[in-house]
Amino acid sequence: MPLIDVHNHILSREYTDLLARHGGHRYSLARDAEGRTVVMRARARFMTFTEPMFDPELRFRAMDEVGVAVQLLSYTCPNAYWAEGALAAEVARVMNDHLAEVCARWPQRFRGLASVPLQDVDLALKELERAVDRLGMVGLIVLANVNETPLDDPRFEPFWAALNERRLPVLLHPTVPPGIDSMGMDRYGLVPSVGFMIDTTLAVARMIFAGVFERHPDWPLIVSHAGATLPFIAGRLDQCHRFIPDCRAQISRPPSEYLKGLYYDTVCYDDEALLLAYKLAGPRRLLYGSDYPHNIGDMAGCADRITALPIDETEKDLIRSGNARRLFKL
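Quick look at the overall build of the protein chain
Right, on to step 1. The secondary structure content of the protein chain amounts to 13 helices and 13 strands.
Right, on to step 2. What you see for the protein chain is a C-alpha radius of gyration of 19 Å, in line with the 20 Å of a compact globule of 330 residues.
Right, on to step 3. Oriented by its inertia axes, the alpha-carbon framework of the protein chain measures out at about 50 × 45 × 40 Å.
Right, on to step 4. The proportion of buried residues among the 330 residues of the protein chain is 57%.
Right, on to step 5. With an accessible surface of roughly 13,800 Å², the protein chain has 51% of that area assigned to carbon and sulfur atoms.
Right, on to step 6. Of the side chains in the protein chain, 37 bear a positive and 43 a negative charge, and the two mean positions are spaced by 1 Å.

Spelled out as structure tokens, the structure:
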């Protein structure tokens with residue numbers, strides 16, 4: 001069955017020019033030892049540019065070789081969160097208008113997950129409305145922290161309420177986690193290898209314990225990278241819920257019950273890791289994703305790991321595309 005890829009990324013030169021000109025207070029562009037352009041947060045490398053990010057037509061051969069029929073395109077981190085004031089609106093407009101243009105040119109191959117400047121909640125709500133109602137975006141991408149502000153911060157409550165009212169699907173994607181200096185993540189490429197997993201895990205755990213999903217249970221959240229460490233630590237979260245009062249203060253059920261209500265993509269690099277996510281979420285809450293065209297993306301491998309799951313073909317087809325068709329109304 002053809003695949004629908006819910007986790008892959010796109011960029012535009014207009015966006016990266018804005019980042020280079022105005023984002024220096026948070027990010028910079030540099031060259032790595034192999035001559036590739038990389039995005040830096042202070043001294044920590046966390047994202048590498050590749051040509052297919054900027055040229056949608058370069059994707060088609062890779063998609064066809066693996067059997068990917070449709071990609072849900074999204075702008076990767078650092079997204080729009082680095083911009084301030086009026087610039088934030090401009091950056092979000094540039095990103096979403098570009099997405100809309102690509103999707104309109106190749107409507108059979110691409111759909112868009114919009115970006116919103118969540119550092120300004122009122123502006124984010126306006127851009128959400130514009131991107132979904134006027135540009136035809138089928139969902140959103142949200143980063144796991146907003147300039148080091150955690151997603152359970154009360155300022156974001158109107159945003160979660162709006163998503164819940166619309167039942168709008170969201171891909172939760174990590175970015176540079178808080179505390180990279182104290183954790184020494186400026187070496188060994190630790191931000192993408194370890195830091196992203198920490199960022200996602202912290203974001204979802206905090207949202208669970210803060211009661212975000214209890215108050216707003218009806219919007220589908222797709223946790224990227226097969227849930228980061230959450231499938232592995234679900235039992236530990238439940239044990240802490242049983243024995244630590246602070247873990248029970250704002251929720252009525254064990255954390256794993258909320259985790260089972262979320263969705264997870266297949267972006268991992270090990271058969272057993274994907275099986276662990278499957279055991280947590282079940283076949284109706286896993287969706288094919290590849291992280292293409294990041295330099296560590298793995299379109300073919302992520303497809304092969306679905307095939308390797310010890311489950312029946314009906315369930316595999318749900319993961320390959322059935323769940324995405326249902327969730328995004330494709």
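Some remarks on the sheet that holds strand β12 (residues 263-265)
Right, on to step 1. The 8 strands lie next to each other as β1-β5-β6-β7-β10-β11-β12-β13, forming an open sheet whose pairing is parallel. Either end of the sheet is taken by a strand with one partner, and the two such strands are β1 (3-10) and β13 (286-287).
Right, on to step 2. Bridge analysis of strand β11 (residues 221-223) against β12 gives 2 bridges, and the strand direction is parallel. Bridge pairing in β12 links V223 to Y264.
Right, on to step 3. Sheet strands in contact with helix α13 (residues 313-328) are β1, β5 (68-75), β6 (110-115), β11, β12 and β13, and its direction is about 75° off that of β1.

Brief notes about the pairing of strand β7 (residues 139-143)
Right, on to step 1. Burial runs high along β7: 5 of the 5 residues are buried.
Right, on to step 2. Here β7 shows no split at all, with G139, I141 and L143 on one side and L140 and V142 on the other all buried.
Right, on to step 3. Each parallel crossover has a hand, and the one from β6 via helix α5 (residues 121-134) to β7 is right-handed.
Right, on to step 4. Direction of pairing for β7 relative to strand β10 (residues 170-173): parallel, over a ladder of 4 bridges.

Some thoughts on the state of the cysteines
Right, on to step 1. Enumeration according to the criterion identifies 0 disulfides in this entry.
Right, on to step 2. Counting only cysteine sulfurs, C302 is the nearest neighbor of C268, a cysteine outside any disulfide, at a range of 6.5 Å.
Right, on to step 3. Its relative accessible area of 7% is what places C268 among the buried residues.
Right, on to step 4. Overall, the relative accessible area of 0% leaves C302 in the buried class.

Brief notes about the packing of aromatic side chains
Right, on to step 1. Using the criterion set out here, one finds 11 aromatic pairs in the structure.
Right, on to step 2. Aromatic pair F60 and W106: ring centres 5.7 Å apart, planes at 70°, arrangement edge-to-face. Of the two residues, F60 sits in helix α3 (residues 59-66) while W106 sits in the loop between α4 (86-105) and β6, which places them 46 residues apart along the sequence.
Right, on to step 3. F60 gets classed as buried once you look at its relative accessible area, which sits at 18%.
Right, on to step 4. Owing to a relative accessible area of 16%, W106 belongs among the buried residues under this scheme.
Right, on to step 5. Consider the rings of F60 and F110, whose centres lie 5.7 Å apart with planes at 20°: the pair is stacked. With F60 in helix α3 and F110 in strand β6, the pair connects residues that are 50 residues apart, well separated along the chain.
Right, on to step 6. Relative accessible area serves as the criterion here: at 0%, F110 is assigned to the buried category.
Right, on to step 7. Feature note: the residues F156, F159, W160, F213 and W219 constitute an aromatic cluster, connected by ring pairs.
Right, on to step 8. Positioned above the aromatic ring of F54, the side-chain terminus of R13 is 3.7 Å from the ring centre.
Right, on to step 9. Of note, R285 hangs over the ring of Y263, and the distance from its end group to the ring centre comes to 4.5 Å.

Regarding a negative patch on the surface
Right, on to step 1. Together, E14, D17, E90 and E101 make up a negatively charged patch on the protein surface.
Right, on to step 2. Put simply, the parts of the chain that give the negative patch at least two residues each are α1 (13-22) and α4.
Right, on to step 3. Residue E90 is classed as partly exposed on the basis of its relative accessible area of 33%.

Considerations on the side chain of R109
Right, on to step 1. Relative to the helices and strands, R109 is located in the loop between α4 and β6.
Right, on to step 2. Of the polar contacts made by the side chain of R109, one reaches the side chain of D64; its length is 2.9 Å.
Right, on to step 3. Those residues in contact with R109, other than ones at most four positions away along the chain, are F60, M63, D64, V68, A69, V70 and Q71.

A short note on the pairing of β5
Right, on to step 1. Burial analysis of β5 places 7 of its 8 residues in the buried class, which makes it a mostly covered element.
Right, on to step 2. Bridge analysis of β5 against β6 gives 3 bridges, and the strand direction is parallel. Across the sheet, L73 pairs through a bridge with G112, a residue of β6.

Looking at the nonpolar core
Right, on to step 1. Core analysis: the biggest nonpolar cluster contains 102 residues, and L151, F159, W160 and L259 have the highest contact counts within it.
Right, on to step 2. Counting residues per element, this core draws most heavily on α4, which supplies 9 residues.
Right, on to step 3. Residues within four places of L151 in sequence aside, it is in contact with L118, V142, L143, A144, N145, V146, F156, W160, L172, A203 and M207.
Right, on to step 4. Core analysis: the next-biggest nonpolar cluster, separate from the first, contains 14 residues, I4, L113, L287 and A324 among them.

Each value, and the rule that gives it
- Residues numbered from 1 in each chain as written.
- Predicted model: local features only at pLDDT ≥ 70, side-chain atom pairs only at ≥ 80, totals over all residues.
- Heavy atoms only, no water.
- Helix = DSSP H or I, 4+ residues; strand = E, 2+ residues; numbered from the N terminus.
- Rg over C-alpha atoms; globule rule 2.2 N^0.38 Å.
- Buried < 20%, exposed > 50% of the residue type's maximum accessible area, 1.4 Å probe, protein only.
- Areas by Shrake-Rupley, 256 points an atom, 1.4 Å probe, with all protein chains shown as cover.
- Lys, Arg positive; Asp, Glu negative; His and termini not counted.
- Charge placed at Lys NZ, Arg CZ, Asp CG, Glu CD.
- Pairing = 2+ DSSP bridges.
- Contact = heavy atoms within 4.5 Å.
- Axes fitted to C-alpha atoms, helices over the stretch in contact; angles between N-to-C directions.
- Right-handed = clockwise from strand over helix to strand, strands pointing away.
- Disulfide = S-S within 2.5 Å.
- Phe/Tyr/Trp six-rings, centres within 6.5 Å; stacked < 30°, edge-to-face > 60°.
- Lys NZ or Arg CZ within 6 Å of the ring centre and 35° of its normal.
- Patch = residues over 30% accessible without salt bridge, like charges linked within 9 Å, V, L, I, M, F, W, Y side chains within 5 Å.
- Salt bridge = Lys/Arg side-chain N within 4 Å of Asp/Glu carboxyl O.
- Polar contact = N/O pair within 3.5 Å; in protein donor to acceptor, adjacent residues only side chain to side chain.
- Core = buried A, V, L, I, M, F, W, Y, C linked by side-chain atoms within 4.5 Å.

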